[in-house]
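What the coordinates show
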Amino acid sequence: MRGDRWAQVATVHGCSTAAGDRALNSAIHTIAMVRMRSCPTTQAYIARRTAEGKTSREIRRCLKRYITRQLYRTLTAIMVQTAA
């Protein structure tokens, strides 16, 4: 039953798989929670999304996606620098 539910959620949210790095997911969650509490830019983002009618769960999902993209860009830039 859980697999079927995940397939429905993955289809709706564009996720490819339920498997992943738990430590990385935990780190991204921690970053999101800290930013939601202490970062003025993130708080403005949350207020804007709330005004759009998003739920806190949807806002958190979007924020985690944004953080993941930032991390990926940063890590790939570092890899390019060290390879050169």
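Residues numbered from 1 in each chain as written. Predicted model: local features only at pLDDT ≥ 70, side-chain atom pairs only at ≥ 80, totals over all residues. Heavy atoms only, no water.

Within the protein chain, the secondary structure is distributed over four helices and zero strands. Across the protein chain, helices and strands are ordered from the amino to the carboxyl terminus as α-α-α-α. Looking at the protein chain residue by residue over its 84 residues, the buried ones come to 12%. The contacts in the protein chain between residues at least 6 apart in sequence include a share of 54% that link residues at least 24 apart. Roughly 6,700 Å² of accessible area belongs to the protein chain as shown, and the carbon and sulfur atoms make up 59% of that amount. (Helix = DSSP H or I, 4+ residues; strand = E, 2+ residues; numbered from the N terminus. Buried < 20%, exposed > 50% of the residue type's maximum accessible area, 1.4 Å probe, protein only. Contact = heavy atoms within 4.5 Å. Areas by Shrake-Rupley, 256 points an atom, 1.4 Å probe, with all protein chains shown as cover.)

Taking 1.5 Å per residue as the helical rise, helix α4 (residues 56-83) with its 28 residues ought to reach 40 Å, and the 40 Å between its terminal C-alpha atoms agrees with that figure. Ile59, Cys62, Leu63 and Ile67 are the residues of α4 that are buried. (Expected span 1.5 Å × (residues − 1).)

Before going further, it helps to spend a moment on the packing of helix α2 (residues 22-38) against α4. Where α2 meets α4, the closest approach of the two axes is 9 Å, and the angle between their N-to-C directions is 115°. Here α2 is positioned roughly perpendicular relative to α4, judged by the angle of their axes. Classified by chirality, the crossing of α4 by α2 is right-handed. For the pair α2 and α4, the contacting residues are Ile28, His29, Ile31, Ala32, Met33, Arg35 and Met36 in the first and Arg60, Leu63, Lys64, Tyr66, Ile67, Thr68, Gln70 and Leu71 in the second. Class assignment of the residues belonging to the contact of α2 with α4 gives a composition of nine nonpolar, three polar and three charged. (Axes fitted to C-alpha atoms, helices over the stretch in contact; angles between N-to-C directions. Parallel < 35°, antiparallel > 145°, perpendicular 65-115°, else oblique. Left-handed = near helix turned anticlockwise from the far one by under 90°. Nonpolar A, V, L, I, M, F, W, Y, C, P; charged D, E, K, R; others polar.)

Spatial relationships are all this shows, so hold off on functional conclusions.
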